[in-house]
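# Structure at a glance
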Amino acid sequence: MIESVIRDRNEFYGKFLNNWRILEHEILQLLHLVKGSEYKTVRYRGTMEQLIKITEAGIIDKETFDKIRFLSNFRNSIIHEPNLEIHRKEIVEILGVLRYAITLLRGIRSRE
């Protein structure tokens, strides 16, 4: 029983982190749309710093910013709290929010 729970949790964390990397890539791509930004030539800035910049530029709205900030906080919890307990229902919801955020950012990028 416990092995099944651990396996499920590890599988979820793997899915989440793989999708998180995709989200970070989409944020970086949107950052390139910020006019006059010194960030265009910089490969890495913290995700939240990038997110603030694209929000200030009006590329994403506050609601989207808040969803991604929630995901960022959750990602940090996964990395820094190894004993984090999460229920299956929450897992499904969080992955759904993450996938929605990726789709949303891709849609914004395709319109620009």
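Criteria and thresholds
Residues numbered from 1 in each chain as written. Predicted model: local features only at pLDDT ≥ 70, side-chain atom pairs only at ≥ 80, totals over all residues. Heavy atoms only, no water. Helix = DSSP H or I, 4+ residues; strand = E, 2+ residues; numbered from the N terminus. Buried < 20%, exposed > 50% of the residue type's maximum accessible area, 1.4 Å probe, protein only. Contact = heavy atoms within 4.5 Å. Areas by Shrake-Rupley, 256 points an atom, 1.4 Å probe, with all protein chains shown as cover. Arc of directions from axis to C-beta. Axes fitted to C-alpha atoms, helices over the stretch in contact; angles between N-to-C directions. Parallel < 35°, antiparallel > 145°, perpendicular 65-115°, else oblique. Left-handed = near helix turned anticlockwise from the far one by under 90°. Nonpolar A, V, L, I, M, F, W, Y, C, P; charged D, E, K, R; others polar. pLDDT = per-residue confidence, 0-100.

This part covers the overall build of the chain. In terms of helices and strands, the chain carries four helices and zero strands. Its helices and strands in sequence order give the chain the pattern α-α-α-α, from N to C terminus. Every one of the 112 residues in the chain was classed for burial, and the buried ones make up 34%. A fraction of 65% describes how many contacts in the chain between residues 6 or more apart in sequence connect residues 24 or more apart. Summing over all exposed atoms, the chain offers an accessible surface of approximately 7,300 Å²; the carbon and sulfur share of this is 52%.

Quick look at helix α2 (residues 47-56) now. Residues of α2 that are buried: T47, Q50, L51 and I54. Down the axis, α2 shows its buried residues gathered within 100° of arc, on one side only. Note on α2: the residue one or two positions beyond its end, G58, has a positive phi of about 80°.

Take the environment of L105 next. As for its position among the elements, L105 is in helix α4 (residues 88-111). When its relative accessible area of 0% is taken as the criterion, L105 is described as buried. With 80 residues separating them along the chain, L105 and H25 place their C-alpha atoms 9.9 Å apart. Contacts of L105, omitting those with residues within four sequence positions, involve L23, E26, I27, L30, I60, T64 and I68.

This part covers the packing of helix α3 (residues 62-80) against α4. It is the contact of α3 with α4, at a shortest axis distance of 10 Å, that shows an interaxial angle of 130°. One finds that α3 runs oblique with respect to α4. When the axes of α3 and α4 are compared, the crossing they make is left-handed. Facing T64, K67, I68, F70, L71 and F74 of α3, the residues of α4 in contact are I94, V97, L98, Y100, A101, L104 and L105. Looking at side-chain class alone, the contact of α3 with α4 contains eleven nonpolar, one polar and one charged residues.

What follows deals with the confidence of the model for the chain. Summing up the model confidence of the chain, the mean pLDDT is 84 and the portion of residues at 70 or higher is 81%. Element-level mean pLDDT values for the chain span from 82 in helix α1 (residues 2-31) up to 93 in α3.

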